[in-house]
Amino acid sequence: MRALVDRNIVLGVSGGIAAYKACELVRLLTTAGAQVRVMMTRNAQEFITPLTLQTLSRHPVATATFDLTQESEIGHIRLADTADAIVIAPATANLIAKAANGLADDIVTTVLLAAQCPIAFAPAMNVHMYAHPTVTENLARLRARGAVIIEPGAGALACGYEGQGRLADPAIIVEELAAMLSAHDLAQERILITAGPTQEAIDPVRFISNRSTGKMGFAIARAAWRRGAEVRLIAGPSTLPTPHGVERIDVTSAGELLSATASNFPWCSTLIMAAAVADFRPERAAPQKIKKNSSGMTLALAPIADEMPRLAAKKGDRIMIGFAAETEELEVNALDKLRRKQLDLIVGNDVSRADAGFAVDTNIVTMLGADGGRETTPKLSKEEVGDLILDRLLAIRARRPAPSELRATSRS
Ligand code: CTP
């Protein structure tokens, strides 16, 4: 993940049952390319051992402020100085209170006081503790000083209660950290993204669809949110989880996808059409399941009108980016679509390759701009390709102002 590669993340673990989830957090952060240094309170070590986190992070774990070996280089100052970001997960009510009041009586709170980098707290506690006015006030103080509070989720808690207090999903904590470490260069954009396949009903149990899984469009949505954009994602049937911070609109058929795109178009400043939209649908969907018969069957198909030219006519300062999934003559076909659909940029990919296109995590694309620009990427993760497409969007925007009604509003 671009924002986390080679970044130094200091993870502070305080003493709650959710401390065990720090293992998953360390694993996700290291997989994303970050260097993770863990520090633990004494109580955290009652729930999970430093050895576990040391093994997962591949770095020594700091547990004491006055340990002679750990402190030979005044370790707490070094930890604070080398951190690109600090996250406390889980953050107990006690640790939050100490941090809000500037106490520094253990390694975690001492590093927090010495730190100058962005700091996030991921609270986890009993539902009544989390709702207590003292905790609310302490979190408000931390927020007012610039800390990011990663809200706990709701659900069954280890203490037996139901409600808000569960440590945020480690994947969400990673997304928040990536957003903290990203330049918010898309803060002025409202990006509407279509993704995934469409399904055209033949009868109540059968449909026509394609091999798209939505991975590329979802990856762009994640990258755009991290970079500060407001994002709406119109998703055809897909099992992928909703990207953090993104508003998802589920659709099934091409008709639904195109009408959701048209109704959200006035809201957006940029439209990115990564969906594999059906070009034909059965002329009539049978109301009952079609029975087999031995003489075979012919399915009459009706074309689905392309909404893009109609939207392009109303685009104003909006930027429109399309995809061209091709199996032959990639550039010729992509250029034809760029012109026909009046796009600013088209992203062509050769879906006949095993390592690009549908259902895989990597892609190789050729981006062709209306300005004549041309760039072919090497094989990259879809997240990295998403960031490169967004870089192109920024370059186009630099030459064209954002729609005037959007200039005053941004997410943060
Ligand atoms: N697209 C769209 N609405 C449609 C069809 C396509 O918005 N009804 C968008 C796709 O999301 C994609 C681009 O247009 O961004 C190109 O889609 P593609 O299916 O490759 O183009 P078609 O015009 O349908 O051409 P083809 O003959 O290759 O199917």
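Residues numbered from 1 in each chain as written. Predicted model: local features only at pLDDT ≥ 70, side-chain atom pairs only at ≥ 80, totals over all residues. Heavy atoms only, no water.

### Remarks on the domain arrangement of the chain
How large an interface is tends to be reported as the accessible area lost when its parts come together. Taken domain by domain, the chain holds domain 1 (8-180) and domain 2 (190-406). Taking only C-alpha atoms into account, the centre of domain 1 sits 39 Å from that of domain 2. On the side of domain 2, four residues touch domain 1, which itself brings five residues to the contact. Viewed at the interface, domain 2 and domain 1 are joined by one salt bridge. A salt bridge links glutamate 175 to arginine 226; its shortest N-O distance comes to 2.9 Å. Our count for the domain 1 to domain 2 interface comes out at two residue pairs in polar contact (both at pLDDT 80 or more). Broken down by class, the residue content of the side of domain 1 that touches domain 2 amounts to three nonpolar, no polar and two charged. (Domains from an automatic or database assignment. Contact = heavy atoms within 4.5 Å. Salt bridge = Lys/Arg side-chain N within 4 Å of Asp/Glu carboxyl O. Polar contact = N/O pair within 3.5 Å; in protein donor to acceptor, adjacent residues only side chain to side chain. Nonpolar A, V, L, I, M, F, W, Y, C, P; charged D, E, K, R; others polar.)

### Notes on the packing of aromatic side chains
In total, this model carries zero aromatic pairs according to the counting rule given. Here arginine 232 stacks its cationic end above the ring of tryptophan 267, 4.1 Å away from the centre of that ring. Lying across the ring of phenylalanine 265, arginine 318 places its NZ or CZ 5.1 Å from the centre. (Phe/Tyr/Trp six-rings, centres within 6.5 Å; stacked < 30°, edge-to-face > 60°. Lys NZ or Arg CZ within 6 Å of the ring centre and 35° of its normal.)

### Concerning helix H4 (residues 75-82)
In an α-helix, one turn spans 3.6 residues; hence positions three or four apart end up facing the same way. Among all positions in H4, only Gly75, His76, Leu79 and Ala80 are buried. For H4, the arc enclosing every buried residue in end-on projection is 135°, short of the 170-degree limit, so these residues lie on one face. Buried residues in H4 make contact with strand S1 (8-13), strand S2 (35-40) and helix H6 (107-114). (Buried < 20%, exposed > 50% of the residue type's maximum accessible area, 1.4 Å probe, protein only. Helix = DSSP H or I, 4+ residues; strand = E, 2+ residues; numbered from the N terminus. Arc of directions from axis to C-beta.)

### Comments concerning the layout of surface pockets
The volume enclosed by the largest pocket comes to roughly 960 Å³. Forming the boundary of the largest pocket are 42 residues, of which Ala275, Ala276, Val277, Asp279 and Phe323 lie nearest the centre. Among the secondary structure elements, those contributing two or more residues to the lining of the largest pocket are helix H10 (215-226), helix H11 (254-264), strand S16 (319-326) and helix H13 (330-340). Per-element accounting of the lining of the largest pocket gives the leading share, four residues, to S16. Looking at side-chain class alone, the lining of the largest pocket contains 22 nonpolar, 13 polar and seven charged residues. (1 Å grid on protein atoms, 1.4 Å probe; cavity = no way out; pocket = protein on both sides within 12 Å on 5 of 7 lines; lining within 4 Å. Points joined across faces, edges and corners; volume = space filled by probe spheres on them.)

### What to know about the pattern of salt bridges
Applying the stated rule across the entire model yields 29 salt bridges. Of the charged contacts, one joins arginine 7 and aspartate 84 as a salt bridge, the two residues approaching to 3.6 Å between their closest N and O atoms. A residue pair is termed long-range when its members are at least 10 positions apart, and arginine 7 in the segment before S1 and aspartate 84 in the loop between H4 and strand S3 (85-91) qualify at 77 residues. You can call arginine 7 partly exposed: its relative accessible area is 26%. For arginine 232, the salt bridge is made with glutamate 247, and the minimal N-O distance between the two is 3.3 Å. Placement of the pair is arginine 232 in strand S11 (residues 230-235) and glutamate 247 in strand S12 (residues 247-250), with a sequence separation of 15 residues. A relative accessible area of 17% places arginine 232 in the buried class. Looking at glutamate 247, the relative accessible area reads 41%, which means it is partly exposed. Each member of the salt-bridge network shares a partner with another, and the members are Arg2, Asp185, Arg227, Asp387 and Asp391.

### A closer look at the site of the ligand
The environment of the ligand is made up of 13 residues, and the closest members are Met273, Ala275, Asp279, Met308 and Lys337. Here alanine 275 contributes a backbone N or O atom positioned 2.8 Å from an oxygen atom of the ligand. For the ligand, a nitrogen atom lies 3.4 Å from a polar atom in the side chain of aspartate 306. Relative to its unbound accessible surface of 570 Å², the ligand loses 79% to contact with the protein. More than half of the atoms of the ligand fall within 2 Å of the grid points belonging to the largest pocket. Listed by contribution, the elements that provide at least two residues to the shell around the ligand are S16 and H13. (Near = heavy atom within 4 Å. Areas by Shrake-Rupley, 256 points an atom, 1.4 Å probe, with all protein chains shown as cover. Sits in = over half its atoms within 2 Å of the grid points.)

### Quick word on the nonpolar core
Leu4, Leu11, Leu53 and Ile173 are the most contacted members of the largest nonpolar core, which has 36 residues in total. At the level of secondary structure, the elements contributing two or more residues to this core comprise S1, helix H1 (21-31), S2, S3, strand S4 (119-123) and helix H9 (170-180). The contacts of isoleucine 173, once residues within four sequence positions are left out, are Leu25, Val87, Ala89, Ala122, Ile150, Leu167 and Ala168. (Core = buried A, V, L, I, M, F, W, Y, C linked by side-chain atoms within 4.5 Å.)

### Regarding the sheet that holds S1
As a general point, the strands of a sheet are linked pairwise by backbone hydrogen bonds and lie either parallel or antiparallel. Overall, parallel pairing links the five strands, which are arranged S2-S1-S3-S4-S5 in an open sheet. Single-partner strands in this sheet number two, and they are S2 and strand S5 (148-149). For S1 and S2, the ladder comprises six bridges, and the chain directions are parallel. Bridge pairing in S2 links valine 13 to methionine 40. (Pairing = 2+ DSSP bridges.)

### Side note on a nonpolar patch on the surface
Where nonpolar side chains cluster on the molecular surface, the patch consists of Phe280, Met297, Leu299 and Leu301 and spans about 370 Å² of accessible area. With respect to the helices and strands, the residue leucine 299 is situated in the loop between strand S14 (280-282) and strand S15 (301-303). (Patch = residues over 30% accessible without salt bridge, like charges linked within 9 Å, V, L, I, M, F, W, Y side chains within 5 Å.)

### Things to note about the environment of leucine 113
Structurally, leucine 113 can be placed in helix H6. With a relative accessible area of 51%, leucine 113 lands in the exposed category. Other than its neighbours up to four places away in sequence, leucine 113 contacts Gly102 and Ala104.

### Concerning the sheet that holds strand S20 (residues 374-376)
The eight strands lie next to each other as S12-S11-S8-S13-S16-S17-S19-S20, forming an open sheet whose pairing is mixed. The open sheet terminates on both sides in strands that have one partner only, identified here as S12 and S20. The sheet shows a mean angle of 15° between the axes of neighbouring strands, taken without regard to direction. Pairing geometry for strand S8 (residues 190-195) and S11, over six bridges, is parallel. The residue of S11 that forms the bridge with threonine 194 is isoleucine 234. Relative to the sheet, helix H14 (residues 382-398) contacts S8, strand S13 (270-273), S16, strand S17 (345-350), strand S19 (365-369) and S20, its axis offset from that of S16 by approximately 140°. (Axes fitted to C-alpha atoms, helices over the stretch in contact; angles between N-to-C directions.)

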